[in-house]
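This is what each chain is made of:
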Amino acid sequence: MKSQATPKHILFVCLGNICRSPLAEGIARVHFEKKGLAWRADSAGTSGWHEGEPPCENSIKVAKAHGVPIAHQRARPVCEADKSAFDYIVALDRKNLAELKAQGFSNIHLLGDFGGFGGEDVPDPYYFPDFEGFEKVYSMIETCVHDFIEKVENGSL
Ligand code: 4NP
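What you see is a predicted model, and the numbers here were worked out from it, not measured in a lab.

A. A look at helix 1 (residues 20-35). The end-to-end C-alpha distance of helix 1, which contains 16 residues, comes to 23 Å, matching closely the 22 Å that a straight helix rising 1.5 Å per residue would cover. Taken across its 16 residues, helix 1 has twelve buried, putting it largely inside the fold. As for helix 1, its buried residues are in contact with strand 1 (9-14), strand 2 (40-45), helix 2 (57-65), helix 4 (94-102) and helix 5 (131-153). Downstream of helix 1 by a residue or two, Gly36 has a phi angle that is positive, lying close to 70 degrees.

B. Structural view of the site of the ligand. Taken together, Cys14, Leu15, Gly16, Asn17, Ile18, Cys19, Arg20, Trp49, His50, Asp124, Tyr126 and Tyr127 make up the full set of residues adjacent to the ligand. Interatomic distance of 2.8 Å between a side-chain N/O atom of His50 and an oxygen atom of the ligand. At 3.5 Å from an oxygen atom of the ligand is found a side-chain nitrogen or oxygen belonging to Tyr126. Here the ligand, which alone exposes 360 Å², has 93% of that area covered by the protein.

C. Spotlight on the pairing of strand 1. Counted residue by residue, strand 1 has five buried out of six residues, so it is predominantly covered. Relative to strand 2, strand 1 runs parallel, the two sharing six bridges. Across the sheet, Phe12 pairs through a bridge with Ser43, a residue of strand 2. After leaving strand 1, the chain enters helix 1 and then returns to the sheet as strand 2, a path that is right-handed.

D. Here's a closer look at the side chain of Asp93. Positionally, Asp93 belongs in the loop between strand 3 (88-91) and helix 4. With a relative accessible area of 10%, Asp93 lands in the buried category. When residues no more than four places from it in sequence are discounted, the contact partners of Asp93 are Arg20, Leu110, Asp121 and Val122.

E. Representation of the nonpolar core within the structure. Core analysis: the largest hydrophobic core is formed by 36 residues, its most contacted members being Ile10, Phe12, Leu23, Phe32, Leu111, Ile141 and Val145. Only strand 1, helix 1, helix 2, strand 3 and helix 5 provide two or more residues apiece to this core. In terms of residue count, the dominant contributor to this core is helix 5 (ten residues). Of all hydrophobic cores here, the second largest spans twelve residues; its members include Leu11, Ala44, Ile89 and Phe105.

F. Region of interest: a nonpolar patch on the surface. Among the surface-exposed residues, Tyr126, Tyr127 and Phe128 lie close enough to one another that they form a single nonpolar patch of about 390 Å² accessible area. Mapped onto the secondary structure, Phe128 falls in the loop between strand 4 (108-110) and helix 5.

G. Focus on the layout of surface pockets. The computed volume of the largest pocket comes to approximately 220 Å³. Every residue along the wall of the largest pocket is listed here: Leu15, Arg20, Thr46, Ser47, Asp93, Lys95, Asn96, Glu99, Asp121, Val122, Pro123 and Asp124. With three residues, the single largest contributor to the lining of the largest pocket is helix 4. Here the residues of the lining of the largest pocket are counted per class, giving three nonpolar, three polar and six charged.

Scoring rules and cut-offs
- Residues numbered from 1 in each chain as written.
- Predicted model: local features only at pLDDT ≥ 70, side-chain atom pairs only at ≥ 80, totals over all residues.
- Heavy atoms only, no water.
- Helix = DSSP H or I, 4+ residues; strand = E, 2+ residues; numbered from the N terminus.
- Expected span 1.5 Å × (residues − 1).
- Buried < 20%, exposed > 50% of the residue type's maximum accessible area, 1.4 Å probe, protein only.
- Contact = heavy atoms within 4.5 Å.
- Near = heavy atom within 4 Å.
- Polar contact = N/O pair within 3.5 Å; in protein donor to acceptor, adjacent residues only side chain to side chain.
- Areas by Shrake-Rupley, 256 points an atom, 1.4 Å probe, with all protein chains shown as cover.
- Pairing = 2+ DSSP bridges.
- Right-handed = clockwise from strand over helix to strand, strands pointing away.
- Core = buried A, V, L, I, M, F, W, Y, C linked by side-chain atoms within 4.5 Å.
- Patch = residues over 30% accessible without salt bridge, like charges linked within 9 Å, V, L, I, M, F, W, Y side chains within 5 Å.
- Salt bridge = Lys/Arg side-chain N within 4 Å of Asp/Glu carboxyl O.
- 1 Å grid on protein atoms, 1.4 Å probe; cavity = no way out; pocket = protein on both sides within 12 Å on 5 of 7 lines; lining within 4 Å.
- Points joined across faces, edges and corners; volume = space filled by probe spheres on them.
- Nonpolar A, V, L, I, M, F, W, Y, C, P; charged D, E, K, R; others polar.

This is the structure in structure tokens:
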């Protein structure tokens, strides 16, 4: 196990906190574990529309297929305490990034700026609920989250 002097806390944010950001949280947690990093990941929504709900069925299913447990997660909206609790806030698309800025969050990053995606939004599968869409979204989130964590680890963020 590698020891980490300054554990990082990362919050992933989408709109509903039931499709995309729960995947990012789960992927990050599993990655931290594999790398022996005592870091923390959480997720939230810019809306509270689904507060208290588990992730959507297809997100649970696609994550499970990749060995990432997310069914225990419960949706919540971002809150004031998140501003000091996290070192990095990572938005899943530009709309949510703008909303976080408007709410006074700082140190916000766009997930699609990592993994070679050139600033793309992670598409919202809530509106395209076929399972294939979730596989694509999972793959993009995994690539971007791994690259983001590597950049934080090597000090370039
Ligand atoms: P998410 O997807 O932001 O990836 O969790 C959505 C979930 C719910 C809604 C929109 C997007 N909604 O309109 O309720």
